[in-house]
Amino acid sequence: MPTQTPHRALPRPSLLSVAIAGLLLAPVARAATITVGSAADPGDGSTTCTLREAITSINTSSLISGCVNTGDDFGTDDTILFASSVTGTITLSGSELQITKSMAIAGPGADDLAVDGDFLSRVFNITGAPGPTVLIEGLTIQNGSDSGNGGGIFLKGSSLAL
């Protein structure tokens with residue numbers, strides 16, 4: 001009579017190992033990182049990235065003018081940072097900054113950097129489909145003007161954290 005090998009039950013994966021495997025196999029969020037190197041607006045004709053050019057780069061998923069992406073591909077968690085030399089006031093040249101894609105704008109501090117509408121335009125207009133999720137921190141929004149809604153920020157169908 002042939003000998004039978006006892007069957008051993010296979011170990012069941014723990015909940016922790018299933019969670020780790022899920023994290024390793026999950027798609028990774030892509031994120032561009034663009035650093036603003038100039039307080040000029042709309043641009044000073046140099047190869048230095050302005051805030052308007054950085055926002056346009058993320059909105060279009062394509063680098064504009066002197067902007068450089070030091071992160072990953074454009075995606076859902078794109079970030080705009082500021083070089084340490086960009087302090088004081090970014091005075092807009094008469095038109096608002098249009099944001100149509102999700103992004104984070106991280107300034108050096110509300111006491112160190114202001115974005116100023118110069119009483120000529122709204123500062124930020126945040127709209128898009130699907131509505132973008134936007135984080136703005138570390139800067140002051142001042143002197144925006146609009147005859148309708150939102151002199152500092154107009155938000156439609158979007159999410160904003162300040």
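See the structure above.
Bear in mind the structure is a predicted one, so any value in this text is a computation, not a measurement.

Describing the overall build of the protein
1) Next: Regarding its fold elements, the protein presents two helices and 11 strands.
2) Next: Tracing the protein from N to C terminus, the helices and strands come up as α-β-α-β-β-β-β-β-β-β-β-β-β.
3) Next: Every one of the 162 residues in the protein was classed for burial, and the buried ones make up 31%.
4) Next: Looking at the protein as shown, the accessible area adds up to about 9400 Å², and 56% of this sits on carbon and sulfur atoms.

Side note on unusual backbone geometry
1) Next: Positioned with a positive phi, Ser 61 is a non-glycine residue whose angle comes to about 55 degrees.
2) Next: Positioned with a positive phi, Ser 65 is a non-glycine residue whose angle comes to about 50 degrees.
3) Next: Residue placement: Ser 65 occurs in the loop between α2 (51-60) and β2 (79-82).

A word on the pattern of salt bridges
1) Next: As enumerated under the stated definition, the model contains three salt bridges in all.
2) Next: Ionic pairing is found between Glu 96 and Arg 122, a salt bridge with its closest N-O pair at 2.9 Å. Pair noted here: Glu 96 is in the loop between β3 (88-91) and β4 (97-99) and Arg 122 is in the loop between β6 (113-116) and β7 (124-126), with a separation of 26 residues, a long-range link.
3) Next: The partly exposed category is assigned to Glu 96, whose relative accessible area is 22%.
4) Next: The shortest N-O distance in the salt bridge between Asp 146 and Arg 122 comes to 2.9 Å. Of the two residues, Asp 146 is situated in the loop between β9 (140-142) and β10 (153-155) and Arg 122 in the loop between β6 and β7; the sequence distance between them amounts to 24 residues.

Thresholds, definitions, all that
- Counting from 1, residues in each chain are numbered in the order their sequence is written.
- Local features in a predicted model are, by the rule used here, given only for residues with pLDDT of at least 70; side-chain atom pairs are given and counted only at 80 or more, and totals for whole chains, interfaces and linings are based on all residues.
- Side-chain metrics in this entry use all non-hydrogen atoms of the structure; hydrogen atoms and water are not considered.
- Think of it this way: any DSSP run of H or I at least four residues long counts as a helix, any run of E at least two long counts as a strand, and we number them from the N terminus.
- Remark: exposure states derive from per-residue accessible area (1.4 Å probe, protein chains only) relative to the maximum for the residue type, with buried under 20%, exposed over 50%, and partly exposed in between.
- Here the Shrake-Rupley method, with its probe set to 1.4 Å, supplies the accessible areas, and only the displayed protein chains count as covering residues.
- A pairing counts as a salt bridge when a side-chain nitrogen of Lys or Arg comes within 4 Å of a carboxyl oxygen of Asp or Glu.

Keep in mind that these numbers describe shape and distance, not what the molecule does.
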